[in-house]
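Chain residues, written in single-letter form:
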Amino acid sequence: MSSSTSNEKTSAVLTEDPKSWIGKSLVSVTQITPKGFDFLVTIAQQMRDIVRSEGGDDRLKHKLLATIFYEASTRTSCSFQAAMMRLGGKFLHVDGNGNSSAAKKKESLEDTIRCLECYVDAIVLRHPLTGSVPKVVQATTKPVLNAGDGIGEHPTQALLDSFTIWDELKEDPKVVVFLGDLKHGRTVHSLAKLLSQLRPQSDLVLRFCSPSSLVVPEYIIEYCKNNGVATELFENPTEACKGAQVLYVTRVQKERFETEEAYESVKGSYVIDKAFMELAPKNMIVLHPLPRVDEIATEVDTDPRAAYFRQMENGMYVRMALLALVMGKSSP
């Protein structure tokens with residue numbers, strides 16, 4: 001396979017033209033144009049209406065999806081599976097670390113994917129190694145949707161996060177705060193990149209608030225700046241949230257630390273509780289990709305600004321839209 005063909009497979013531009021999505025892999029948010037995002041939002045809203053009125057439809061009848069997860073997942077795997085079933089399709093699930101996977105026999109990731117693509121129409125893949133998904137895409141003939149590759153990207157999460165922001169606010173946000181483990185947080189990396197490219201050269205400000213040892217990678221800052229979007233660094237969450245419309249909270253990811261001591265040194269650095277919310281802007285929504293550990297107190301769940309469970313529900317609608325588009329069934 002030529003390098004130009006490989007690059008095309010991992011960087012296909014997804015626009016408002018439905019044909020641009022058919023059979024394409026989604027590796028990175030950098031593939032999404034502003035008009036492509038608006039088009040996806042429209043389809044996701046239609047999916048929400050269909051689910052709430054009819055429970056779904058059968059546009060993906062006789063289609064089969066493989067969900068392959070080498071890392072733990074509840075929301076991403078289940079929402080993709082639910083999305084497929086809501087549209088009349090079916091799925092095969094493979095636990096990459098389980099006894100049923102040939103990975104136990106040292107089968108390579110590429111061979112596992114090439115095996116499964118013989119049976120299915122599309123593949124959802126999560127893997128702990130950064131860059132693993134684009135590498136796999138180059139060796140496949142079926143579309144692959146990146147469900148998280150190490151500390152790299154999680155594009156479908158960023159799309160549902162962005163959908164939730166606009167759905168909740170009904171307008172463009174001016175100040176978005178990212179809080180927590182910003183070094184390892186692939187959801188933060190993807191969302192910051194997506195927001196900056198959806199609103200380039202605008203008055204949008206992205207604020208990154210974390211302990212000094214978990215600061216956002218410099219390449220994310222540079223990406224935002226190259227899109228003409230301002231960035232600011234904070235350690236105090238109260239200061240960071242002044243004038244904000246969105247607070248995006250992430251957990252400290254224990255599994256990404258090399259030692260228990262390193263994790264314990266930053267565990268519980270920030271906790272969003274009722275007292276914090278009383279000081280926060282009245283129009284500031286709170287998002288979280290979940291799962292949470294102790295960074296958002298359960299007492300916040302009843303606050304109308306707590307949008308993380310609505311955010312989770314939106315994940316199914318956005319993934320329904322993605323599956324329908326990739327399989328060429330954006331219309332029933």
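Residues numbered from 1 in each chain as written. Predicted model: local features only at pLDDT ≥ 70, side-chain atom pairs only at ≥ 80, totals over all residues. Heavy atoms only, no water.

Attention now moves to the sheet that holds strand β8 (residues 246–249). Across a sheet, strands are paired by hydrogen bonds formed along the backbone, either parallel or antiparallel in direction. Here we have 5 strands laid out as an open sheet, ordered β7-β6-β5-β8-β9, and parallel in their pairing. Where the open sheet ends on each side, the last strands, each with one partner, are β7 (230–234) and β9 (285–287). When strand polarity is set aside, the average angle formed by the axes of neighbouring strands in this sheet is 20°. Inspection of the sheet shows strand β5 (residues 175–179) paired to β8 by 4 bridges, in the parallel sense. (Pairing = 2+ DSSP bridges. Helix = DSSP H or I, 4+ residues; strand = E, 2+ residues; numbered from the N terminus. Axes fitted to C-alpha atoms, helices over the stretch in contact; angles between N-to-C directions.)

This part is about the domain arrangement of the protein. Often, the extent of an interface is quoted as the loss of accessible area on bringing the components together. According to the domain assignment, the protein contains domain 1 (6–150 + 313–327) and domain 2 (155–300). The gap between the C-alpha centroids of domain 1 and domain 2 is 25 Å. Contacts between the two partners involve 30 residues from domain 1 and, on the opposite side, 22 residues from domain 2. Of the roughly 2100 Å² buried between domain 1 and domain 2 on both sides combined, carbon and sulfur atoms contribute 64%. When residues of domain 1 are sorted by the area they lose upon contact with domain 2, Val 29, Phe 37 and Arg 75 head the list and together hold 30% of the total. In this structure, the connection of domain 1 to domain 2 is made through 2 salt bridges. Connecting domain 1 to domain 2 are 7 residue pairs in polar contact (both at pLDDT 80 or more). Those elements that place two or more of their residues in the side of domain 1 that touches domain 2 are α2 (34–54), α3 (75–86), β3 (122–127), β4 (144–149) and α12 (308–326). (Domains from an automatic or database assignment. Contact = heavy atoms within 4.5 Å. Buried area = accessible area lost by both parts, 1.4 Å probe. Salt bridge = Lys/Arg side-chain N within 4 Å of Asp/Glu carboxyl O. Polar contact = N/O pair within 3.5 Å; in protein donor to acceptor, adjacent residues only side chain to side chain.)

Let's shift gears to α3. The end-to-end C-alpha distance of α3 is 16 Å, a good match for the 16 Å that 12 residues give at a rise of 1.5 Å each. Buried within α3 we find Thr 76, Ser 77, Ser 79, Phe 80, Gln 81, Ala 83 and Met 84. Residues of α3 that are buried in the fold lie against β1 (64–69), β2 (90–95), β3, β4, α6 (155–169) and α12. Positive phi shows up at Gly 88, right after α3, with a value of about 85°. (Expected span 1.5 Å × (residues − 1). Buried < 20%, exposed > 50% of the residue type's maximum accessible area, 1.4 Å probe, protein only.)

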